[in-house]
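What follows is each chain in one-letter form.
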Amino acid sequence: MALPPDFTLLQVIPELETGGAEQSTIDIAQAVVRAGGVALVAARGGRMTSRLQADGGRLAQMPVQTKNPLVMLGNAARLVALIRQEKVSIVHARSRAPAFSALWAAHATGTPFVATYHGVYKARSGLKRWYNAVMTRGDLVIANSDYTREHILAEHGIDPAKVVTIPRGVDFDRFNPSFVTANRIEDLRAAWGIAPGDTRTKILLAGRLTRIKGHLTVIEAARRLAAEGRRDFLILFAGDDQGRTGYSEELAQAIAAAGLQEAVRIVGHCDDMPAAYLLADFALLPTTVPESFGRAAVEPQAMGRPVIASNHGGVTETVLDGVTGWLVPPQDAEGWAAALGRAIDIGPGKRGEMGQAGQKRARQLYSAEAMCAATLAAYERVLEARRG
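Summary of the structure given here. (Residues numbered from 1 in each chain as written. Predicted model: local features only at pLDDT ≥ 70, side-chain atom pairs only at ≥ 80, totals over all residues. Heavy atoms only, no water.)

### Topic: the pattern of salt bridges
In this structure the tally under the stated criterion is 19 salt bridges. Of the charged contacts in the structure, one is a salt bridge between Arg58 and Glu86, with a shortest N-O distance of 2.7 Å. Of this pair, Arg58 sits in strand 3 (residues 58-61) while Glu86 sits in helix 3 (residues 69-86), placing them 28 residues apart in sequence. The buried category is assigned to Glu86, whose relative accessible area is 18%. Between Arg200 and Asp198 there is a salt bridge; the shortest N-O distance is 2.8 Å. Pair check on accessibility: Arg200 and Asp198 agree, each one buried. Members of the salt-bridge network, linked through shared partners, are Glu17, Arg47 and Asp240. (Salt bridge = Lys/Arg side-chain N within 4 Å of Asp/Glu carboxyl O. Helix = DSSP H or I, 4+ residues; strand = E, 2+ residues; numbered from the N terminus. Buried < 20%, exposed > 50% of the residue type's maximum accessible area, 1.4 Å probe, protein only.)

### As for the nonpolar core
Of all hydrophobic cores here, the largest spans 36 residues; its most connected members are Trp192, Leu204, Met273 and Tyr277. The set of elements that each furnish at least two residues to this core consists of helix 7 (182-191), strand 8 (201-206), strand 9 (233-238), helix 10 (273-279), strand 11 (282-285), helix 11 (295-302) and strand 12 (307-310). When residues in this core are grouped by element, the largest group, six residues, is from helix 10. (Core = buried A, V, L, I, M, F, W, Y, C linked by side-chain atoms within 4.5 Å.)

### Digging into helix 6 (residues 146-156)
Looking at helix 6, one finds that the buried residues are Thr148, His151, Ile152, Glu155 and His156. Angularly, the buried residues of helix 6 cover 100° about the axis, an arc narrow enough to put them on a single face. For helix 6, the exposed residues lying more than 90 degrees away from the buried face are Glu150 and Ala154. Next to the buried residues of helix 6 lie strand 5 (113-117), helix 5 (126-132), strand 6 (140-143) and strand 7 (163-165). Two residues or fewer after helix 6 comes Gly157, characterised by a positive phi angle close to 60°. (Arc of directions from axis to C-beta. Contact = heavy atoms within 4.5 Å.)

### Describing the sheet that holds strand 6
In any sheet, the strands associate via hydrogen bonds between backbone groups, in a parallel or an antiparallel arrangement. Taken together, the seven strands give an open sheet; going across it, the order is 3-2-1-4-5-6-7, and neighbouring strands pair in parallel fashion. At either end of the open sheet lies a strand with only one pairing partner, and these are strand 3 and strand 7. Taken over all neighbouring pairs, the strand axes of this sheet differ in orientation by 25° on average, direction set aside. The sheet contact formed by strand 6 and strand 7 spans three bridges and is parallel. Within strand 7, the residue paired with Ile142 across the bridge is Val164. (Pairing = 2+ DSSP bridges. Axes fitted to C-alpha atoms, helices over the stretch in contact; angles between N-to-C directions.)

### Let's talk about the layout of surface pockets
In this structure, the second largest pocket encloses a volume near 280 Å³. Lining the second largest pocket are 17 residues, with Gln30, Arg34, Ala368, Glu369 and Cys372 sitting closest to its centre. Elements with a contribution of two residues or more to the lining of the second largest pocket: helix 1 (20-34) and helix 15 (368-387). Here the lining of the second largest pocket takes six residues from helix 1, the largest share from any one element. (1 Å grid on protein atoms, 1.4 Å probe; cavity = no way out; pocket = protein on both sides within 12 Å on 5 of 7 lines; lining within 4 Å. Points joined across faces, edges and corners; volume = space filled by probe spheres on them.)

### Structural notes on unusual backbone geometry
One non-glycine residue, Asp6, adopts positive backbone phi at about 60°. The phi dihedral of Lys87 is positive, around 50°, even though this residue is not glycine. Positionally, Lys87 belongs in the loop between helix 3 and strand 4 (90-93). According to the relative accessible area criterion, Lys87 is exposed, its value standing at 63%.

### Some words on a positive patch on the surface
Taken together, the side chains of Lys67, Lys122, Arg124 and Lys128 define a basic patch exposed on the protein surface. Positionally, Lys67 belongs in the loop between strand 3 and helix 3. On the basis of relative accessibility, which here comes to 62%, the residue Lys67 falls in the exposed class. (Patch = residues over 30% accessible without salt bridge, like charges linked within 9 Å, V, L, I, M, F, W, Y side chains within 5 Å. Areas by Shrake-Rupley, 256 points an atom, 1.4 Å probe, with all protein chains shown as cover. Lys, Arg positive; Asp, Glu negative; His and termini not counted. Charge placed at Lys NZ, Arg CZ, Asp CG, Glu CD.)

### Brief notes about the pairing of strand 8
Among the six residues that make up strand 8, six are buried, leaving the element largely enclosed by the rest of the structure. Burial along strand 8 is two-sided: Thr201, Ile203 and Leu205 facing one way and Lys202, Leu204 and Ala206 facing the other are all buried. Looking at chain direction, strand 8 and strand 9 are connected through six bridges and run parallel. Residue pairing in the sheet places Leu204 in a bridge with Leu236 of strand 9. Each parallel crossover has a hand, and the one from strand 8 via helix 8 (residues 215-227) to strand 9 is right-handed. Bridge count for strand 8 against strand 11 is three bridges, and the pairing is parallel. (Right-handed = clockwise from strand over helix to strand, strands pointing away.)

What follows is the structure in structure tokens.
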């Protein structure tokens, strides 16, 4: 998709720390730069800033993560100044709190406004529904799965023509088994304290340490396997607590109480996820609430690894039960124990076949290139409508 001359995109997101929305922000910035445009990101900052800048994007650092109304007003003024100074073509918001400032700034400057609905936001009151609806008040809404799109239409009653589904994409240059050296895997094995001769089945749960990711269900499932006398597995929780120390301490206590110190490990944040998936034999996504898309279910498939995932949300679109992985009722420890045992027992040959099926399907449906092309096409559609 050819961008108009002098195209400048401003994406607004709370921070560039870690996560699917943040990765999509980086991917789109890179695509805009490659297409000859200018890519700006307004955010507090974070560890992914260096990747943004390495790709040619620019950070406009400001406290857009805040929900303080006075600071949000200040952010709106900062964004107005930035939009005018940089002659921004489109403002793209990726989170609700900063979307208020971004929408106000877009309206004040007459700039088209696009928002990506990254999650299925719950609304238990009219006020919360109004808060969530900020993501639908622009020119176009991008849903990251059909599941999310259906939720938007049911929740907000907006024109279906205004909501387009663009699944999140995976960088298949980065998530490519052929590009991961043996040294990278061995470095990770050493960092995580896994002995070279450890023949246990390695199981990876990647994601920040937060309750909705379902770690406690997996610990209980592992306890049930251990109670059967099984010692043939090692479960790895890769992710940091981002300051939620109470939850990470709760996990450590649950592991100790179950006597699983040798079978379940919290290994912290991982910068080399492609190597992590190759180190593992299969991956887990045991979320307790529906994921709107679930990149953590697609990335391991891209690396040829099957996935056990909770049977809800957008993951039901990305994991084919019995073909590329298994779908299990959320928070059902007995079901998860059975699924873990089954995935371990089928052995590397059958897991390899499932991994290959998942890799083929992921490459067909969830490439970062396809996501970026569809997003740039959506931008062009918005600009055309404004010109018309």
